[in-house]
Amino acid sequence: MEKIVNKISAIDGNFTGLEGYGVTLTATGTVGLSADTYAEPYGVIVQGCDSLTPGTYPSPIAEGALELMTQIGDLAWVSISPYSRNIKVGDWLGQQGGGQFCKFGDDLQEGFRIWGRAMTEVVVAYPANGRCLMRFQPEFIFHWHKF
């Protein structure tokens, strides 16, 4: 997967308090929360913000207001979906929509986008607002055999 380098100057929503959520490019220079398992990974919100015109989206942001972790191989604390269970070190993490991360296991399908691998565990049954350390390692599932 080729990494696209962009200067992010606009956002598709209010990212205040959404540290650890995944974002994708929605237009040149604009990011939005990941919509589903097929969205191409761009990065993880490290420091969220709102736009210069709150309530109107997409709209510009102040320079330096939004911090994203976009470097492949870097580590980031990510927000875990309350619907994801028992994440173990080494599990593949992806998106179900809304920007929070979930565990992918036997439910991987062709066309899914992997965002990275868990580096720490989240072992509670329903990790409401749980977090784990993820190595950002985007991959695309071209073909998946279930044995």
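To be clear, the structure that these remarks concern was listed above.
Thresholds applied
Residues numbered from 1 in each chain as written. Predicted model: local features only at pLDDT ≥ 70, side-chain atom pairs only at ≥ 80, totals over all residues. Heavy atoms only, no water. Salt bridge = Lys/Arg side-chain N within 4 Å of Asp/Glu carboxyl O. Helix = DSSP H or I, 4+ residues; strand = E, 2+ residues; numbered from the N terminus. Buried < 20%, exposed > 50% of the residue type's maximum accessible area, 1.4 Å probe, protein only. Polar contact = N/O pair within 3.5 Å; in protein donor to acceptor, adjacent residues only side chain to side chain. Core = buried A, V, L, I, M, F, W, Y, C linked by side-chain atoms within 4.5 Å. Pairing = 2+ DSSP bridges.

### Some remarks on the pattern of salt bridges
In step 1: Summed over all chains, the structure comprises one salt bridge.
In step 2: Between Lys103 and Asp91 there is a salt bridge, and its shortest N-O distance comes to 3.7 Å. Of the two residues, Lys103 is situated in strand E9 (residues 101-104) and Asp91 in the loop between strand E7 (75-80) and strand E8 (92-95); the sequence distance between them amounts to 12 residues.
In step 3: Residue class for Lys103 comes out partly exposed when judged on its relative accessible area of 31%.

### With respect to the side chain of Ser84
In step 1: Within the fold, Ser84 resides in the loop between E7 and E8.
In step 2: When its relative accessible area of 4% is taken as the criterion, Ser84 is described as buried.
In step 3: From its side chain, Ser84 meets the backbone nitrogen of Lys103 in a polar contact 2.8 Å long.

### Considering the environment of Gly55
In step 1: Relative to the helices and strands, Gly55 resides in the loop between strand E4 (43-47) and strand E5 (59-60).
In step 2: A sequence separation of 42 residues divides Gly55 from Gly13, and the C-alpha atoms of the two residues are 7.8 Å apart.

### Overview of the nonpolar core
In step 1: If you look at the biggest cluster of nonpolar residues, it comprises 14 residues, and the most contacted ones within it are Val78, Leu93, Phe101, Cys132 and Met134.
In step 2: For this core, the secondary-structure elements that each account for two or more residues are E7, strand E10 (113-118) and strand E11 (130-140).

### Comments concerning the sheet that holds strand E1 (residues 10-11)
In step 1: Strand order in the open sheet formed by six strands is E5-E1-E3-E2-E4-E6, and the pairing between neighbours is mixed. The open sheet is flanked by E5 and strand E6 (67-69), the only strands paired with a single partner.
In step 2: Where strand E2 (residues 22-27) meets E4, two bridges bridge the pair, whose relative direction is antiparallel. From the neighbouring strand, Gly22 faces E4, where its bridge partner is Val44.

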